[in-house]
Each structure stands twice: as structure tokens, then as C-alpha cells.
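Spelled out, the chains give:
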Amino acid sequence: MSRPHTPLIEPDEYFRTHAAPEELAVNEKAMELFVAKHRAAGRRIAVVTSGGTTVPLENQTVRFIDNFSAGTRGATSAEYPFYHTYFLELGYAVIFLHRQFSLQPYSRHYTHSKNCFLDYMGLGPDGQLTVDSQYSQKMKEVLTKYHKAKQEETLLMISFVTVTDYLFHLRSAAFIVGSMGEKALFYLAAAVSDFFIPAEKMVEHKIQSDGGGLTLTMEQVPKVLKPLVTKWASQSFIISFKLETDPEILTTKARRALNRYGHKVVIGNLLTTRKQIVWFITNDTEETVTLTNEQLAQGVEIESKIVPNLIERHTAFIESSGRLLSVSPKQTNLGV
Ligand code: PAZ
């Protein structure tokens, strides 16, 4: 593998030179209405990103590069703010910015699963649809939570496919939800491609196979975490994830991201153990969250520990922002 040196495209230039996805305006409107409704209800808003992005090789795309992410982390996490009474009282509404056809909150229990949901059902003697009794309790619980989220309209689903779709939607979500200030939380669990082919360098038509092998030159995807943290949603609580395969570099890379972008928390995880262990890295702390083998076997999900931990941190962040604002400008040098 050769690594040609290509200059890093700045986010502003990227957005200037790439066409916004067609559905962006409609999705922006939906996000604006969602934020207005939940702001009025006094809720906090979490933007949860989930799943992988594709990198097209042709403008009229036949082939693309993808990654492993199924969206388990994001879909599972998006459910947890509704799981526990005290979170409901805290009241989060969630914008679930996810890869099309990846796992989704609630339905994830019955899709992409080794046990197809059709195996949970049967037909009674009178031809009526039945649910196998061993699955019905769990199905009822999931259905109740799903109905509640639908009824209260606390879950907005927005999908993306390509890395360009993702970047435009993230920027819009940041502008719109960032207007909630410290009451907004960004949970960036999507596995976003690091490399892409810029629009003007992409061929229009299907790459032909009669010309021999294929060598691709890809450029680095712009690092949008910087403007997200410093400009688009600078008052909000931002958490990014860092995935590695080499345990030797994980926490160093996570800490580097924190220093480089200046947000609140980086959650580090390794490809092979991501469902059992994660590392919370902040400016001055490092905490490991683990599940035992028994917990894993019982079906405990690590997100049930990640989300409450983050909500506590978010609450402390909101409280400390309130304290900061109630101190006079002279004392804080904020000049406001
Ligand atoms: O989607 P999934 O549950 O299979 O995987 C989750 C994850 C590993 C993509 C996520 O935890 C993560 O680390 N996202 C950020 C990846 C990165 O950009 O480093």
C-alpha cells in the first residue's frame, strides 16, 4: 500500500466544492421542527450518529468502499435515554443520524439478527397470528418503548449513505441542534470513512474491467470535528468515538483527538472487544467500562453503562455552564 501525500482539504473548501444531498433541505426542516417542539417541552436533545459511510468510486455509482459498522452501538445507545424512568424525567429527545438500512433503535432486536423475527411467530389453529410465548414478554417490552417514543415523537430518524451525505447532515444537525447550547449532546458513534475521492476527481461512468487492474488515489476526508466543536455547536456537549485494532495505540490516539479538537469526551474501543470494554478519556481522567463474560452471556449491553455515565457528565456540564454564566463577566473574562 502506498501513501501518496495529498493536501488535507479544509472543511469549508469541502462544503464549497461538493453538492449537498438532495434530501438535505427536507431533513433540515424536520430537524428544525423537532428542535422547536422539544425545546418548548424543556427536553435535552441528543444527536446520535450511527453506522458506516460509503465512499463511491464513480459519480453514477456502481461500486463503493464501505466499512464493517452495523450501527449496533448507535442504535442501542439511542434507546437507553428512554429505558430508565429517571432519564425520561430528564427528558432527552434523539435525532438518530444513521446509515440507511443499518440497525435502528427498537427494530434492531428483530432485524439483522441470527434469529429472524419470523421465527418468533406462528399461526394458531384458527389461522390467527401468534407470538411464541418464550419471546412475547421481551417483544411486549420493546413494543411498549417503541410506541412511547413514537407517541411522544422523541425520536427523529435521518439517514445517510455516502460520506458526503453524512458530512452535510452532521453540519446541518450541528447548526440546528447546537442552537440548544449546553442542552444539546452529540454522540458521534458513526464509523466515518477517513478517505474518499473528491467529486471533481471521480469518473462519471462505471469503471471498466477490460483495462487491467485498478489503482485508486484517495484523499483524506476533512476533519469536521474541529469546526463542530469550535464553531457549529461550540456550547454543546460533544462525545466522539475512536476505534482502533492495535491496543498499543488506542488511548494515545484517543487523547490526541481530545487535545486536537477540544471536546469533552473521547470513547476508545477496539474492534474485537468493542461490545465488552470501552475507555472514557477526558482532559484529566481515564476510566474503563467493562462487562464480565457472565454479563455478556446474559445479554447485558455495554451501552447500558455508557449512556448513564455520559448523561451524568452532561448534567454536570450543564450545571457548570449555568454557574459560569451566573458569575459576572469580569470574573470569567467571557466578556458577555
Ligand atoms: O456500529 P458498531 O456497533 O458495529 O461499531 C461501533 C463503532 C466501533 C463504529 C463505534 O463504537 C466507534 O468507535 N465509532 C467511531 C469509529 C472511528 O471513527 O474511529
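Residues numbered from 1 in each chain as written. Predicted model: local features only at pLDDT ≥ 70, side-chain atom pairs only at ≥ 80, totals over all residues. Heavy atoms only, no water.

Cross-referencing UniProt, the feature "domain: DNA/pantothenate metabolism flavoprotein C-terminal" (unreviewed entry) maps to residues 182-295 in the present numbering. Taken end to end, residues 182-295 is 20% helix and 29% strand, and its two terminal C-alpha atoms sit 34 Å from one another. (UniProt positions renumbered as here; feature names shortened; annotations may be inferred. Helix = DSSP H or I, 4+ residues; strand = E, 2+ residues; numbered from the N terminus.)

Let's shift gears to the site of the ligand. The full set close to the ligand counts 14 residues, and Ser69, Gly71, Arg73, Leu243 and Asn269 are the nearest of them. Within the contact set of the ligand, an oxygen atom lies 3.4 Å away from a backbone nitrogen or oxygen of alanine 70. The separation between a nitrogen atom of the ligand and a polar main-chain atom of alanine 189 is 3.0 Å. Its free accessible area being 480 Å², the ligand has 90% of it covered by the protein chains. The set of elements that each furnish at least two residues to the shell around the ligand consists of helix 3 (72-79) and strand 11 (237-244). Among the elements that make up the shell around the ligand, the one with the highest residue count is strand 11 (three residues). For the shell around the ligand, the per-class residue count stands at seven nonpolar, four polar and three charged. (Near = heavy atom within 4 Å. Polar contact = N/O pair within 3.5 Å; in protein donor to acceptor, adjacent residues only side chain to side chain. Areas by Shrake-Rupley, 256 points an atom, 1.4 Å probe, with all protein chains shown as cover. Nonpolar A, V, L, I, M, F, W, Y, C, P; charged D, E, K, R; others polar.)

Our next topic: the sheet that holds strand 4 (residues 92-99). Spatial ordering of the open sheet is given by 7-4-1-8-11-12-13-14, a layout of eight strands whose pairing is mixed. Of all strands in the sheet, those bounded by a partner on one side alone are strand 7 (155-160) and strand 14 (286-290). Strand-to-strand twist of the sheet, defined as the mean angle between neighbouring strand axes without regard to direction, takes the value 15 degrees. Looking at chain direction, strand 13 (residues 277-281) and strand 14 are connected through five bridges and run antiparallel. Following the sheet pairing, phenylalanine 280 is matched in strand 14 by glutamate 287. Helix 2 (residues 24-40) rests against strand 1 (44-50), strand 4 and strand 7 of the sheet, and its axis sits at about 160 degrees to strand 7. (Pairing = 2+ DSSP bridges. Axes fitted to C-alpha atoms, helices over the stretch in contact; angles between N-to-C directions. Contact = heavy atoms within 4.5 Å.)

The next point concerns the pairing of strand 8 (residues 184-188). Across a regular strand the side chains alternate sides, sitting on one face of the sheet and then on the other. Taking burial as the measure, the five residues of strand 8 include five buried ones, the bulk of the element. Neither face of strand 8 is open: one carries Ala184, Phe186 and Leu188, the other Leu185 and Tyr187, and all of them are buried. The pairing of strand 8 with strand 11 spans four bridges and is parallel. Note that in strand 11 the partner of leucine 188 across the bridge is serine 240. (Buried < 20%, exposed > 50% of the residue type's maximum accessible area, 1.4 Å probe, protein only.)

Here the focus is the nonpolar core. The biggest cluster of nonpolar side chains holds 49 residues, and the ones touching the most others in it are Ile45, Ile95, Leu167, Val177, Phe186, Leu188 and Leu228. Sort the elements by how many residues they give to this core and helix 6 (residues 163-178) lands first, with nine residues. When neighbours within four sequence positions are excluded, valine 177 is seen to be in contact with Val35, Ile45, Val47, Ile95, Ala184 and Phe186. Counting residues in hydrophobic clusters, the runner-up holds 27 residues, among them Val278, Val289, Leu291 and Val307. (Core = buried A, V, L, I, M, F, W, Y, C linked by side-chain atoms within 4.5 Å.)

Here the second largest pocket is characterised by a volume of approximately 460 Å³. Along its surface, the second largest pocket is lined by 18 residues, and Pro105, Tyr106, Ser107, Leu143 and Tyr146 are the ones closest to its centre. Elements with a minimum of two residues in the lining of the second largest pocket: helix 5 (133-151) and strand 7. With seven residues, helix 5 is the single largest residue contributor to the lining of the second largest pocket. For the lining of the second largest pocket, the class distribution of residues is 12 nonpolar, three polar and three charged. (1 Å grid on protein atoms, 1.4 Å probe; cavity = no way out; pocket = protein on both sides within 12 Å on 5 of 7 lines; lining within 4 Å. Points joined across faces, edges and corners; volume = space filled by probe spheres on them.)

On to a nonpolar patch on the surface. Residues Ile65, Leu214 and Leu216 make up a contiguous nonpolar surface patch of about 240 Å² in total accessible area. Mapping leucine 216 onto the fold places it in the loop between strand 9 (195-196) and strand 10 (219-220). (Patch = residues over 30% accessible without salt bridge, like charges linked within 9 Å, V, L, I, M, F, W, Y side chains within 5 Å. Salt bridge = Lys/Arg side-chain N within 4 Å of Asp/Glu carboxyl O.)

On to the side chain of threonine 49, then. Assignment of secondary structure puts threonine 49 in strand 1. With a relative accessible area of 0%, threonine 49 lands in the buried category. At a separation of 3.1 Å, a polar atom in the side chain of threonine 49 contacts the main-chain amide nitrogen of alanine 189. Of the polar contacts made by the side chain of threonine 49, one reaches the backbone nitrogen of alanine 190; its length is 3.0 Å. Look past the residues within four positions of threonine 49 in its chain and what remains in contact with it is Gly74, Leu97, Tyr166, Leu170, Tyr187, Leu188, Ala189 and Ala190.

Turning our eyes to something else, we now look at the confidence of the model for the chain. Counting all residues, the mean pLDDT for the chain is 91, and 93% of those residues have values of 70 or more. In the predicted structure, residues 82-89 sits below a pLDDT of 50 and forms 16 contacts with residues beyond four places in sequence or in another chain. Residue range residues 328-336 is modelled with pLDDT below 50. Its contacts to residues more than four positions away, or to other chains, number five contacts. (pLDDT = per-residue confidence, 0-100.)

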